[in-house]
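One-letter residues, chain by chain:
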Amino acid sequence: GENVEQHPSTLSVQEGDSAVIKCTYSDSASNYFPWYKQELGKGPQLIIDIRSNVGEKKDQRIAVTLNKTAKHFSLHITETQPEDSAVYFCAARGTSYDKVIFGPGTSLSVIP
Amino acid sequence: GAVVSQHPSWVICKSGTSVKIECRSLDFQATTMFWYRQFPKQSLMLMATSNEGSKATYEQGVEKDKFLINHASLTLSTLTVTSAHPEDSSFYICSAVTQETQYFGPGTRLLVL
């Protein structure tokens, strides 16, 4: 089955700097890659996603890139703010109703 | 985005009792919902896939007789933890798919004493 790895497990950045989280997946049939932000005690919130027919997608300060050949995808957050501090999960999925498999998560701390 | 709700948000129960958690899609219909469990400082682990009108599909290692799932309508799935024990204490999160996107509920924290 699908296996998703994520690095780093923890990340501290100064406010205003950029943060990059990298993930790899194992199943070449996966074609949908969402990113979730989870704040303490809350459910995951979808922040951006990318499908396999697209190499890059951007939404304001957040961007995601996908390299299907290498089975890598990354999250980039620019101009980080303290409210960006949370745990971020990458994930991978096959068809629309397949299960989403999560990476282990990255705890991001933005230092004011 | 679409909204998924869960009830209750937290529950404390005695060992040996059963607890039911509800998951609702508020503004869309969901033929498929998923149930996840999350332990502190860990990732979400899929427990089962809930299909409306049919039996749930459980992941390997998840006891189907202990975690009963019922997807009675297109907007409601329930997870019942039967004969709960302290090791079942965890954060339970459901999700539902609409327009090819998976949305998550706010989670239910279960503490078994």
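Residues numbered from 1 in each chain as written. Chains lettered and ligands numbered in written order. Predicted model: local features only at pLDDT ≥ 70, side-chain atom pairs only at ≥ 80, totals over all residues. Heavy atoms only, no water.

## Considerations on the overall build of chain A
Turning to step 1, where the next piece is worked out: Looking only at helices and strands, one finds 0 helices and 11 strands in chain A.
Turning to step 2, where the next piece is worked out: Of the regular secondary structure in chain A, the N- to C-terminal order runs β-β-β-β-β-β-β-β-β-β-β.
Turning to step 3, where the next piece is worked out: Taking 2.2 N^0.38 as the reference for a compact globule, 112 residues should give roughly 13 Å; the C-alpha atoms of chain A span a radius of gyration of 13 Å, in line with that estimate.
Turning to step 4, where the next piece is worked out: Summarising its shape, the C-alpha atoms of chain A cover approximately 40 × 30 × 20 Å along the three principal directions.
Turning to step 5, where the next piece is worked out: Pairs at least 24 apart in sequence give 53% of the contacts found in chain A among residues at least 6 apart.
Turning to step 6, where the next piece is worked out: For chain A, the accessible surface area stands at approximately 5,500 Å², while carbon and sulfur atoms represent 47% of it.
Turning to step 7, where the next piece is worked out: In chain A, which carries 11 positive and 13 negative side-chain charges, the distance between the mean positions of the two groups comes to 6 Å. (Helix = DSSP H or I, 4+ residues; strand = E, 2+ residues; numbered from the N terminus. Rg over C-alpha atoms; globule rule 2.2 N^0.38 Å. Contact = heavy atoms within 4.5 Å. Areas by Shrake-Rupley, 256 points an atom, 1.4 Å probe, with all protein chains shown as cover. Lys, Arg positive; Asp, Glu negative; His and termini not counted. Charge placed at Lys NZ, Arg CZ, Asp CG, Glu CD.)

## As for a nonpolar patch on the surface
All names here are of chain B.
Turning to step 1, where the next piece is worked out: On the surface, a cluster of nonpolar side chains totalling about 460 Å² of accessible area is made up of Trp10, Ile12, Leu111 and Leu113.
Turning to step 2, where the next piece is worked out: Here Ile12 lies in strand β2 (residues 10–13).
Turning to step 3, where the next piece is worked out: Looking at Ile12, the relative accessible area reads 49%, which means it is partly exposed. (Patch = residues over 30% accessible without salt bridge, like charges linked within 9 Å, V, L, I, M, F, W, Y side chains within 5 Å. Salt bridge = Lys/Arg side-chain N within 4 Å of Asp/Glu carboxyl O. Buried < 20%, exposed > 50% of the residue type's maximum accessible area, 1.4 Å probe, protein only.)

## With respect to the environment of Val62(B)
Residue and element names in this part refer to chain B.
Turning to step 1, where the next piece is worked out: Inspection of the secondary structure puts Val62 in the loop between β6 (57–58) and β7 (67–73).
Turning to step 2, where the next piece is worked out: Assessed through its relative accessible area of 15%, Val62 is described here as buried.
Turning to step 3, where the next piece is worked out: Residues Val62 and Pro86, spaced 24 residues apart in sequence, show a C-alpha to C-alpha distance of 16 Å.
Turning to step 4, where the next piece is worked out: Setting aside residues up to four positions removed in sequence, Val62 forms contacts with Met47 and Phe67.

## Points about the environment of Ala91(A)
Residue and element names in this part refer to chain A.
Turning to step 1, where the next piece is worked out: Along the chain, the position of Ala91 falls in strand β9 (residues 86–92).
Turning to step 2, where the next piece is worked out: A relative accessible area of 0% means that Ala91 is categorised as buried.
Turning to step 3, where the next piece is worked out: The spatial distance from the C-alpha of Ala91 to the C-alpha of Glu79 is 24 Å, given a sequence separation of 12 residues.
Turning to step 4, where the next piece is worked out: Apart from residues no more than four positions distant in its own chain, Ala91 is found in contact with Tyr32, Phe33, Pro34, Phe73, Val100, Ile101 and Phe102.

## Structural notes on the pairing of strand β4 (residues 32–38) of chain B
All names here are of chain B.
Turning to step 1, where the next piece is worked out: A large share of β4 lies buried, amounting to 7 of its 7 residues.
Turning to step 2, where the next piece is worked out: Here β4 pairs with strand β5 (residues 44–51) via 7 bridges, running antiparallel. Bridge assignment links Arg37 to a residue of β5, and that residue is Met45.
Turning to step 3, where the next piece is worked out: Connecting the antiparallel pair β4 and β5 is a turn made up of 5 residues, with Lys41 showing a positive phi of about 60 degrees.
Turning to step 4, where the next piece is worked out: Pairing between β4 and strand β9 (residues 90–98): 6 bridges, direction antiparallel. (Pairing = 2+ DSSP bridges.)

## Comments concerning the confidence of the model for chain A
Turning to step 1, where the next piece is worked out: Chain-level statistics for chain A give a pLDDT mean of 94 and a share of 97% at 70 or above.
Turning to step 2, where the next piece is worked out: No element of chain A has a lower mean pLDDT than strand β10 (residues 101–102) of chain A, at 92, and none a higher one than strand β2 (residues 10–14) of chain A, at 98. (pLDDT = per-residue confidence, 0-100.)

## Remarks on the sheet that holds strand β1 (residues 4–7) of chain B
Residues and elements named next belong to chain B.
Turning to step 1, where the next piece is worked out: Spatially, β1-β3-β8-β7 is the arrangement adopted by the 4 strands of the open sheet, whose pairing is antiparallel. Sheet topology places β1 and β7 at the edges, where each strand pairs with a single neighbour. With strand direction ignored, the average angle separating the axes of adjacent strands in the sheet is 20 degrees.
Turning to step 2, where the next piece is worked out: As defined by bridge partners, strand β3 (residues 19–25) adjoins strand β8 (residues 76–81) across 6 bridges and the pair is classed as antiparallel. Opposite Arg24, over in β8, you have Leu76 as the bridge partner. (Axes fitted to C-alpha atoms, helices over the stretch in contact; angles between N-to-C directions.)

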